[in-house]
Amino acid sequence: MVELTIDGKNVEVPEGSMVMHAAHKLGIYVPHFCYHKKLSIAANCRMCLVEVEKAPKALPACATPATNGMIVHTCSEKAIAAQKSVMEFLLINHPLDCPICDQGGECQLQDLAVGYGGSASRYEEEKRVVFHKDLGPLVSAEEMSRCIHCTRCVRFGQEIAGVMELGMLNRGEHSEITTFVGRSIESELSGNMIDICPVGALTSKPFRYSARTWELARRKSVSPHDSLGANLVVQVKRDEVMRIVPFENESINECWISDRDRFAYEGLREDRLESPMIKGDDGVWREASWADALQAVAQGLSNVRESMGASQIGFIGSEQCTLEELSLLSRVAHGVGSPNVDARARLTDPNWDAALEGVPSLGMPIAELGELDRVLVVGAFMRADHPLMTQRLRQAAKRGTQVSSIDLAADDPLLSLHGRMTVAPAAMSQALAEVAVALANTKGIEVPAAFAGVIASEQASRIAQSLASGQNVAVLIGNAAAHAANASQLAANARWIAEQSNGKFGFLTAGANTVGAYLANAVPAQGGKMVNQMLEHPLAAYVVVNLEPKFDTALGQVAVDNLRASKFAVALTPYQSAAQDWAHVMLPIGPYTETSGTFVNAEGTPQSFKATVPPHAQSRPGWKVLRVLGNLLKLPEFDEESSEAVRDAVLTGGIASKLSNQIKTPVGLSKTASNDGLQRIADVAIYRSDAIVRRAHALQQTKASEPPVARVHPDTLACLGITDCADVKLRSTTGESMVVVRADASVAMDCVRLPVGFESSAALGSVQSALQVERA
């Protein structure tokens, strides 16, 4: 520790700290532009010049190391004069367009110009002009003449997002920020550049000219799009969500959010179901009152239960449902006597529930991801599935953490991987077995009998040696592994590796409320069916909450066809097109911005939130609809008056004691897939992951949302006699699709990579089906 004095106050800071850090510890504000607590120090704006006694000139607080006995003055005459001089230079070329600038009202330059700027400029020459740049559909760089070259955006790309998408050209007055050869920004974290830009150079393209910051009400919420549970500030004007920005929570999302969290709000307005609808015998949809629609639902379910039995009714939720919605859905299901209730829409392993001993979770606080020194990630498309968790691992890798991966496609995670095995889906248990054998040999322990004869590859040995040498180790199961047909076997093998490495074992988990689904008991009872089983083998009746079966399940179009074939199907949904093809009754419920509720994130932390805007048209909170449905079905104990009462009933006794990543399945090797086609790799495209995101216009204009192409290894294509970029027909046992095929060496041999969430891929049915590839 070193001790120094700032503005007459003594303070101690760790050796190596800068004067800026010491000032912050004292609560003293030093004006700055280029400094940001999460970025490296650039010291190129010079706004933080302070007077240091015995120094011949003012020094930048952000880049001056604190030393013992140092005496600093941040607001002395010398310091103020230096700061005003810097401000005058910054304003020389800055355009006088504050009245039309989207940053107006929340602009650091505007704020500091009040205190440090002059009332008139001495500069009479022509101001420089920088032409606008097209950075893509999310970030606007229409007014780059405003840029003050703080380079925050450049450093953010290099250090946080992991890719240098922006850089600086030229020198001096001719410097300008631009992309590489006119490319657009494609990082999944790019919107954070808008937040950290201290002026109006980088702004939100979807929000552009929509509202003034002082017109917006600010309400705290939680992201529904992935298992991190990022904290959000939802900004509202006239009961409409206008913008979403991060709410800082160091233990969860730090001060960042992903672009999916930031820009998905556009999907809250589109395609909304405005009133309850009932389909007549003639197949025509007609509006109905809430009373009539709910009565029709209660009567329809009662008729099926009496004529065919409660086991013929399926209750399906989603991992984007709130804890309260899932709890009440489960209670309705059990109240009518049905064991068929589930919210894990993409789960396909029928042995999964039998393998678990508790509620699966990350197995550690999210913040500890950055403290690990050895990590093995199994079956994850890291940047698409968990953008901000990947960012934490990226920072850890920079500090020396060895991150290894067993995956289905060698995508660039924008971090340095110590070891990597890219294998076909059917070979993933074999890959884990190889790592287990290599680990056993490295540590001198007995190889499990189930792995007898398994020979470790070079990469498996490299991963095993890394895990064996760590002090703080974790093995994490990603979405692709958790949704595999042999997920329980993969989890068992991965857990054995974690145990022998003296490390933690956990699941990254798929949705905002995957952990909450288990806590709310929205999982099949004894003898009950999972979502995949309910939709693969049709039941007589369904209640589906907040789910778009074609895109959110592992069965695609098959799910829609089987729902349509049922005698009675009810959809509780915010969106009309999500259910109009298959439902008999549609009930409009609000998305997360229109209801109170709770999401339990991957680490097991419950985060409650309130509605940020009133319900759209006749929409109602989903938990209220399910509670009234319970009343109409004459079920006991459906009398809660608030979502908090429902939540408290679920969380009684706490969460920590219920979390467990124990796997009862013994280690072993799964049977390999049949050879009657190519194995499918069905990743979830980042901006096609849920109903809200799929309706967000700006996100659908990005490269990640372009119509999918089939990606196949070049050697596999050669064996098939098909050329790169050819039109091909993909055929499964239940459907076919016409797509373009691309040679991609990152895909495992004998596989076809085709993402889900698109019309063209949904037509193929189950993601577990082998695919035939034929030239069109």
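Residues numbered from 1 in each chain as written. Predicted model: local features only at pLDDT ≥ 70, side-chain atom pairs only at ≥ 80, totals over all residues. Heavy atoms only, no water.

- With an unreviewed UniProt entry as reference, the protein chain is termed NADH-quinone oxidoreductase, source organism Orrella daihaiensis.
- Its UniProt record gives the protein chain the following Function (unreviewed entry) comment, quoted word for word: "NDH-1 shuttles electrons from NADH, via FMN and iron-sulfur (Fe-S) centers, to quinones in the respiratory chain. Couples the redox reaction to proton translocation (for every two electrons transferred, four hydrogen ions are translocated across the cytoplasmic membrane), and thus conserves the redox energy in a proton gradient."
- The UniProt entry for the protein chain carries the following comment under Catalytic activity (unreviewed entry): "a quinone + NADH + 5 H(+)(in) = a quinol + NAD(+) + 4 H(+)(out)". (UniProt positions renumbered as here; feature names shortened; annotations may be inferred.)

## Looking at unusual backbone geometry
Now for step 1: For Asn170, which is not glycine, the phi torsion reads 65° and is therefore positive.
Now for step 2: Structurally, Asn170 is set in the loop between strand 8 (166–169) and strand 9 (176–179).
Now for step 3: One non-glycine residue, Cys725, lies in the positive phi region at around 70°. (Helix = DSSP H or I, 4+ residues; strand = E, 2+ residues; numbered from the N terminus.)

## Thoughts on the sheet that holds strand 18 (residues 374–378)
Now for step 1: In spatial order, the strands read 20-19-18-21-22; together these five strands make up an open sheet with parallel pairing. Only two strands of the sheet have a single partner each, and these edge strands are strand 20 (417–422) and strand 22 (504–507). Averaged over all adjacent pairs, the angle separating strand axes in this sheet is 15°, with direction ignored.
Now for step 2: Pairing between strand 21 (residues 473–477) and strand 22: four bridges, direction parallel. Along strand 22, the bridge assignment pairs Ile477 with Phe507.
Now for step 3: Running at roughly 140° to strand 20, helix 13 (residues 458–468) makes contact with strand 18, strand 19 (402–407), strand 20 and strand 21 of the sheet. (Pairing = 2+ DSSP bridges. Axes fitted to C-alpha atoms, helices over the stretch in contact; angles between N-to-C directions. Contact = heavy atoms within 4.5 Å.)

## A closer look at the sheet that holds strand 15 (residues 285–287)
Now for step 1: Spatially, seven strands are ordered 15-14-25-24-23-16-17 in an open sheet, and the strand pairing comes out mixed. The outermost strands of the open sheet, each flanked by one partner alone, are strand 15 and strand 17 (341–342).
Now for step 2: Here three bridges tie strand 14 (residues 277–279) to strand 15, and the two strands are oriented antiparallel to one another. What sits directly across from Lys279, in strand 15, is Trp285.

## A short note on the UniProt feature "domain: 4Fe-4S His(Cys)3-ligated-type" (unreviewed entry) in the protein chain
Now for step 1: With numbering aligned to this structure, UniProt lists the feature "domain: 4Fe-4S His(Cys)3-ligated-type" (unreviewed entry) at residues 78–117.
Now for step 2: Across residues 78–117, helical content stands at 60% and strand content at 0%; the span's end C-alpha atoms are separated by 16 Å.

## A word on the pairing of strand 8
Now for step 1: Pairing analysis gives four bridges linking strand 8 to strand 9, with the strands arranged antiparallel. Note on strand 9: the bridge partner recorded for Gly167 is Thr178.

## Details of the packing of helix 2 (residues 77–92) against helix 3 (residues 108–116)
Now for step 1: One can describe the packing of helix 2 onto helix 3 by two numbers: an axis separation of 10 Å at closest approach and a directional angle of 130°. Between helix 2 and helix 3, the angle is such that the two are oblique. Considering only the axes of helix 2 and helix 3, their crossing is left-handed. Contacts between helix 2 and helix 3 involve Ile80, Gln83, Lys84, Met87 and Leu91 from the former and Leu109, Leu112, Ala113, Gly115 and Tyr116 from the latter. (Parallel < 35°, antiparallel > 145°, perpendicular 65-115°, else oblique. Left-handed = near helix turned anticlockwise from the far one by under 90°.)

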